[in-house]
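As a plain string of letters, each chain reads:
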Amino acid sequence: MEEKKEILLPSKRFKKADEQELNINLSLESSQTLLRIGDKDIVLDIDKLYDKERNESKKYKIYGKLKMVFRNMYSGDTSYNYLQERLYLNGKGDGVGNPTLAGFLPYDEFAFLRRDLYREINTATNSGSTLGEFTYVSGATGPTGHTIITPITAPYHNWNLYLSYVNSKDTNYQMTYTLTGGTKISFKSGDGIPFRLSYSGGSYYEFTSPVEHGMNSGEFVTLSGTTITGSTSGRTYYIESVGNETYNSEKYVLNVLKKEFKSGTTVPSLVIGKRCLDNNNITNSTSEYYVHKHKLLTTTADYIMDNIGFESPIWEEEKKILFENAAGANDTIVERNRMESVIYDFKEPFTLTGLTNNLGYTPTEVYVTTIFRNGDGYFNYPPKVGYKFNFHDTWIDEHFNGDTSLETGITGSTTFSPNTAQSGYSSFTKGNEQVGSILNGAFVEYNKKELKERIISNSFHKFSSRKDIFDHGQDSQYSGSSATNMVGIYYQSHYKVKLRELSPYTENAKTKDIFNLPENTKYDSDEGVWRWRDLYDHGYVDIDGYGTNFPFTNGIHYVKNDINFYLRNEMFYSNKQDGITKFKDKKITDC
């Protein structure tokens, strides 16, 4: 018989878990009986059996609600007849004050579930002289001039959903951070995060990052920049303090004393910084910076999407009746906005086996990856990839200029022709991903002393209208915009689905001979210890809320993951500043 051991340090399964009962309770009453031939000598504890099956199961059923949050804000015009007839016109369609027939793209071009469908109908006609005798004739209705969208293909025409996981990292992803006036700095993802020199008076330099820097007072920062003069690029400096008088600024602002710099040093307006924990061990205590690389695990046929019953969004639908559209049709209903709530459900349970993430162990999360498919081909494709610091209030970032930021992992693009030919509009491009495609993900910091990844910024896909299809000034009405760097619409592309939970703390030991060490165990050669983060059991949630407790039945964990899907207009979305007020202002000007 195999001997079973359980190590309690001193009486807990996890560091923050409740203590386990270590005493053996003896009862004066006995319920023992003699075993007969054929009886089994196994006593089942239902609770322990349930926990055992629950924690050994690798199957997860992933589903949830997907809520679109979007306001259609770009008004323009088009010469493509099919689209021209469907614009939500600024006017009433009577030509008064609106001779160019300018308007907004119909909401169906952005919808998760399109309504402009080609579908079968049955029409009743009088079949004879007898009252009430009708014959039902089968037919079809719906637009067919550009593409044909049926109720079956409607959930997959504009958008596609996939499951993905982070299987690798990229420290060489090219980035650019631009300030107003065209000042910019180009860097690789492995170089660190960008800072601007926001104050240089008195005895210290103040550096402000457009993303949360994750650094603390008493730690160190390694600064580098192509124009630093009088000092060795890449030198590490002591962080005197974080933040200024602006609310929440400690997440974005670093203060470094000028005496830390060599005499004669000139600090440029833009630098790149890395977090360092120990100035005496810079190499092994400096954080790594990289971009996640996601690998797709499913296809477009692996999920279903449908409307949610009995839910009314808080936003009203924007519809109106046009007196006359561009084709001369009277009383045409057009739609500018429609807030959607839909359900998504991956048909088969996902089995968490045979995968290794970028840190070398079985992933504790997967992602719902959302990709704009551009089914009608009205937008430039594929989309571009950016991060929080690439979006500004009054200018467009050089990061998106040209093809350098294109999502090159989208390899399933196809070209098609419209059903009704029109001169000058013969070619359109749409996407269709394949299993195994590799996409760019979040910008991340990882420190091997802490064994933790910190998301600096989630990745955003940005797409813009083809100017020959729909012209709203995307190449001219925004500072820095051009034919190769257009204003567009952007959205977060990957949404985390937590399957298992690692403890927020790290454990360490001098020996590796400890029972049941998790896969994430790493050896720290500096201190001669093994480090790891406990893998929490399903059903256990610590006092800080870390843990998982999914419904479990029939050997499957049922993981519900709701997503608020924000589709943002780059030109009009103005809540992109650091904190509540601008950090470049030294005083709080509003509350």
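Residues numbered from 1 in each chain as written. Predicted model: local features only at pLDDT ≥ 70, side-chain atom pairs only at ≥ 80, totals over all residues. Heavy atoms only, no water.

## Digging into the environment of Val211
Here is step 1 of the chain: The residue Val211 is located in the loop between strand E11 (204-208) and strand E12 (220-224) in this model.
Here is step 2 of the chain: As a C-alpha pair, Val211 and Lys388 span 177 residues in sequence and 6.9 Å in three-dimensional space.
Here is step 3 of the chain: If near-sequence neighbours (up to four positions away) are discounted, Val211 is found in contact with Ile193, Lys251, Tyr252, Lys388, Phe389, Ile456 and Ser457. (Helix = DSSP H or I, 4+ residues; strand = E, 2+ residues; numbered from the N terminus. Contact = heavy atoms within 4.5 Å.)

## Describing the sheet that holds strand E33 (residues 522-524)
Here is step 1 of the chain: Overall, antiparallel pairing links the 3 strands, which are arranged E32-E34-E33 in an open sheet. In this open sheet, the two edge strands, each paired with only one partner strand, are strand E32 (507-509) and E33. Each strand axis lies, on average, 30° off the axis of its neighbour in the sheet, ignoring direction.
Here is step 2 of the chain: Both E32 and strand E34 (residues 529-532) contribute to a ladder of 3 bridges, which runs antiparallel. Each bridged residue has a counterpart across the sheet, and for Ala509 the counterpart in E34 is Trp530. (Pairing = 2+ DSSP bridges. Axes fitted to C-alpha atoms, helices over the stretch in contact; angles between N-to-C directions.)

## Quick look at the pairing of strand E7 (residues 159-170)
One face of the sheet, then the other: side chains in a regular strand alternate in exactly this way.
Here is step 1 of the chain: Of all 12 residues that make up E7, 9 are buried, and the element is covered over most of its length.
Here is step 2 of the chain: Relative to strand E23 (residues 365-372), E7 is paired through 6 bridges, and the arrangement is antiparallel. Counted as the bridge partner of Leu161 is Thr370 from E23.
Here is step 3 of the chain: Where E7 lies against strand E17 (residues 288-296), 6 bridges are found, and the strand directions are antiparallel. Across the sheet, the residue bridging to Lys169 is His292, located in E17. (Buried < 20%, exposed > 50% of the residue type's maximum accessible area, 1.4 Å probe, protein only.)

## Quick look at unusual backbone geometry
Here is step 1 of the chain: Residue Pro382 follows Tyr381 across a cis peptide bond; omega there is 5°.
Here is step 2 of the chain: Position of Pro382 among the secondary structure elements: in the loop between E23 and strand E24 (384-386).
Here is step 3 of the chain: Positive phi is not limited to glycine here, since Asn248 has a value of about 75°.
Here is step 4 of the chain: In this fold, Asn248 is placed in the loop between strand E14 (241-242) and strand E15 (253-257).
Here is step 5 of the chain: Residue Leu451 is not a glycine yet carries a positive backbone phi of 60°.
Here is step 6 of the chain: Note on Leu451: relative accessible area 7%, which makes it buried.

## A closer look at the side chain of Gln474
Here is step 1 of the chain: Residue position: Gln474 is located in the loop between strand E29 (460-463) and strand E30 (489-492).
Here is step 2 of the chain: With sequence-adjacent residues up to four places away left out, Gln474 is seen in contact with Ser465, Arg466, Lys467, Ser481, Met486 and Val487.

## Some thoughts on the pattern of salt bridges
Here is step 1 of the chain: Counted according to the given criterion, the structure contains 30 salt bridges.
Here is step 2 of the chain: Salt-bridge contacts for Glu398 lead to Lys184; the nearest nitrogen and oxygen are separated by 3.9 Å. Highlighted residues: Glu398 in the loop between E24 and strand E25 (414-416) and Lys184 in strand E9 (residues 184-188), separated in sequence by 214 residues.
Here is step 3 of the chain: One network of salt bridges, with partners in common, ties together Glu219, Arg275, Glu445, Glu450 and Arg454. (Salt bridge = Lys/Arg side-chain N within 4 Å of Asp/Glu carboxyl O.)

## Re empty space enclosed by the protein
Here is step 1 of the chain: Tallied over the full model, the rule gives 2 cavities of 30 Å³ or more.
Here is step 2 of the chain: Every residue along the wall of the largest cavity is listed here: Leu359, Tyr361, Tyr446, Leu451, Leu502, Asn520, Lys522 and Arg533.
Here is step 3 of the chain: A per-class count over the lining of the largest cavity returns 5 nonpolar, 1 polar and 2 charged.
Here is step 4 of the chain: Put simply, the second largest cavity is a space of about 40 Å³.
Here is step 5 of the chain: In the lining of the second largest cavity, the residues fall into 6 nonpolar, 2 polar and no charged. (1 Å grid on protein atoms, 1.4 Å probe; cavity = no way out; pocket = protein on both sides within 12 Å on 5 of 7 lines; lining within 4 Å. Points joined across faces, edges and corners; volume = space filled by probe spheres on them. Nonpolar A, V, L, I, M, F, W, Y, C, P; charged D, E, K, R; others polar.)

## A closer look at the packing of aromatic side chains
Here is step 1 of the chain: Applying the stated criterion across every chain, the model contains 43 aromatic pairs.
Here is step 2 of the chain: Judged by centre distance (4.9 Å) and plane angle (55°), the rings of Tyr523 and Trp530 are tilted.
Here is step 3 of the chain: An aromatic cluster is present here, built from Phe70, Phe110, Phe112, Trp159, Phe372, Phe379, Phe463, Tyr491, Tyr495 and Phe565 joined pairwise through their rings.
Here is step 4 of the chain: Sitting above the plane of the Tyr205 ring, Lys258 keeps its charged end 5.2 Å from the centroid. (Phe/Tyr/Trp six-rings, centres within 6.5 Å; stacked < 30°, edge-to-face > 60°. Lys NZ or Arg CZ within 6 Å of the ring centre and 35° of its normal.)

## Observations regarding the nonpolar core
Here is step 1 of the chain: Counting residues in hydrophobic clusters, the biggest one holds 58 residues, and the most contacted among them are Leu66, Trp159, Leu499, Phe565 and Leu567.
Here is step 2 of the chain: At 5 residues, strand E1 (residues 59-70) tops the list of elements feeding residues into this core. (Core = buried A, V, L, I, M, F, W, Y, C linked by side-chain atoms within 4.5 Å.)

## Regarding the environment of Leu277
Here is step 1 of the chain: Along the chain, Leu277 turns up in the loop between strand E16 (270-276) and helix H4 (282-285).
Here is step 2 of the chain: If we skip the residues at most four places from it in the chain, Leu277 touches Glu219, Phe220, Ser285, Asn447, Lys449 and Glu450.

## Focus on the pairing of strand E36 (residues 556-560)
Here is step 1 of the chain: In the sheet, E1 pairs with E36 via 4 bridges, with the strands oriented parallel. Bridge pairing in E36 places Ile62 opposite Val559.
Here is step 2 of the chain: Where strand E35 (residues 552-553) meets E36, 2 bridges bridge the pair, whose relative direction is antiparallel. Counterpart to Thr553 in the pairing with E36 is Ile556.

## Overview of the confidence of the model for the protein chain
Here is step 1 of the chain: Per-residue pLDDT for the protein chain averages 86, and the proportion of residues at 70 or more is 86%.
Here is step 2 of the chain: Predicted confidence is poor over residues 1-8, with pLDDT under 50, and the contacts of this stretch with residues over four places away or in other chains come to 5 contacts.
Here is step 3 of the chain: Contacts of residues 583-591 to residues separated by more than four positions or lying in other chains number 23 contacts, the stretch itself having pLDDT below 50. (pLDDT = per-residue confidence, 0-100.)

## Notes on the sheet that holds strand E4 (residues 103-104)
Here is step 1 of the chain: In spatial order, the strands read E2-E4-E3; together these 3 strands make up an open sheet with antiparallel pairing. In the strand order of this sheet, the two ends are held by strand E2 (75-76) and strand E3 (88-89), each with one partner.
Here is step 2 of the chain: For E2 and E4, the ladder comprises 2 bridges, and the chain directions are antiparallel. Considered in E4, the bridge of Ser75 is made with Phe104.

## Let's talk about the side chain of Arg500
Here is step 1 of the chain: Note that Arg500 resides in the loop between strand E31 (494-498) and E32.
Here is step 2 of the chain: One buried charged residue, Arg500, forms no salt bridge at all, with the nearest opposite charge on Asp537 at 4.6 Å.
Here is step 3 of the chain: A distance of 3.4 Å separates a polar atom in the side chain of Arg500 from a polar atom in the side chain of His538.
Here is step 4 of the chain: Residues contacting Arg500, with those up to four places away along its chain left out, are Asn55, Tyr60, Thr364, Leu535, Tyr536, Asp537, His538 and Thr548. (Lys, Arg positive; Asp, Glu negative; His and termini not counted. Polar contact = N/O pair within 3.5 Å; in protein donor to acceptor, adjacent residues only side chain to side chain.)

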